[in-house]
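# Structural overview
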Amino acid sequence: RAAYEISLNAKDFSVVDSYLKEGSIARKELVDFIGNIGNDYYLYEFWVDEAVGVEIQGDKAFVTTYEEFDFTNHLSEVTNYKRSKKYEVQGLDSGNLKISRIDIIDTVRN
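Residues numbered from 1 in each chain as written. Predicted model: local features only at pLDDT ≥ 70, side-chain atom pairs only at ≥ 80, totals over all residues. Heavy atoms only, no water.

## Some words on the side chain of glutamate 67
Counted only if it meets this: Secondary structure elements follow DSSP: runs of H or I no shorter than four residues count as helices, runs of E no shorter than two count as strands, and numbering proceeds from the N terminus. Pairs of N or O atoms are called polar contacts if they sit within 3.5 Å, as long as, within protein, a hydrogen donor faces a hydrogen acceptor (for residues adjacent in sequence, only side-chain-to-side-chain pairs). In what follows, a contact means two residues having at least one pair of non-hydrogen atoms within 4.5 Å.
Tracing the backbone through its elements, the reader meets glutamate 67 in strand β2 (residues 60–72). For glutamate 67, the side chain forms a polar contact with the side chain of lysine 85, separated by 3.4 Å. Among residues more than four places away in sequence, those in contact with glutamate 67 are Arg1, Val48, Asp49, Tyr81, Lys82, Arg83, Lys85 and Tyr87.

Printed below as a string of structure tokens:
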């Protein structure tokens, strides 16, 4: 999650690339999202990142999280996000774990 914050604020996908499974939907979505951010100023500040549940199915783990962050846009307007997500993590033959899918379950904006 720390690498994701750096990646977003630096507008540099390469910071998170090693955490994502090659060819996965998560990788494609983050390539697109970070690649289409634009040049305007913004800032992501992550405050809370908690795993609240884990389910193992074969070579996959499904990790449910609660995440909270502030997003400051180019007009210096701050929006707080409280979000639940489910991460699909897969084990590879190399023994490494990679994120293959990220689903947003719920979002509250203030």
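Now that the structure is up, let's keep going.
## Quick notes on the side chain of asparagine 73
The criterion, for reference: Exposure is judged per residue with a 1.4 Å probe applied to protein chains only, and the accessible area is read against the type maximum: over 50% gives exposed, under 20% gives buried, and values in between give partly exposed.
Its location among the elements puts asparagine 73 in the loop between β2 and β3 (78–91). Given a relative accessible area of 16%, asparagine 73 falls into the buried group. For asparagine 73, the side chain forms a polar contact with the main-chain nitrogen of leucine 75, separated by 2.8 Å. Apart from the residues lying within four places of it in its own chain, the contact partners of asparagine 73 are Tyr41 and Tyr42.

## Describing the sheet that holds strand β1 (residues 43–57)
To keep things clear, this is the line we draw: Between any two strands, pairing holds if DSSP finds at least two bridges. Axis lines are fitted to C-alpha atoms, over the contacting stretch for helices. Their N-to-C directions set the angle, which ranges from 0 to 180 degrees.
The strand order across the open sheet formed by four strands is β1-β2-β3-β4, and the pairing between neighbours is antiparallel. Taken across any chain shown, the strands that pair with only one partner, and hence form the sheet edges, are β1 and β4 (97–109). Taken pair by pair, the neighbouring strands of this sheet meet at an average axis angle of 20°, ignoring direction. Seen against the sheet, helix α3 (residues 25–35) touches β1 and β4 and runs at an angle of roughly 60° to β4.

## Some remarks on α3
So the rule is basically this: Comment: arc refers to directions from the helix axis out to C-beta atoms.
Burial in α3 covers these residues: Ala26, Leu30 and Ile34. Down the axis of α3, the smallest arc covering the buried residues is 50°, so these residues share one side. Exposed positions of α3 whose direction lies more than 90 degrees from the buried face are Lys28 and Gly35. Considering only its buried residues, α3 is in contact with α1 (2–10), α2 (14–17) and β4.

## A look at the pairing of β4
Strand residues, when the strand is regular, have side chains that alternate between the two faces of the sheet. One ladder, built from eleven bridges, connects β3 with β4; its direction is antiparallel. Within β4, the position partnered with glutamate 88 by the bridge is arginine 101. Between β3 and β4, which follow one another and run antiparallel, lie five residues, and glycine 95 among them has a positive phi close to 95°.

## A word on the pattern of salt bridges
Applied cut-off: A pairing counts as a salt bridge when a side-chain nitrogen of Lys or Arg comes within 4 Å of a carboxyl oxygen of Asp or Glu.
By the definition in use, this model includes eight salt bridges. We note a salt bridge from glutamate 22 to arginine 27, for which the minimum N-O separation is 3.8 Å. Between lysine 60 and glutamate 88 there is a salt bridge; the shortest N-O distance is 3.6 Å. Taken together, the residues span a long stretch of sequence, with lysine 60 in strand β2 and glutamate 88 in strand β3 at a distance of 28 residues. Accessibility expressed as a relative area gives 14% for glutamate 88, which makes it buried. Connected via shared salt-bridge partners are Arg1, Glu67 and Lys85.

On their own, these measurements won't tell you what the molecule is for.
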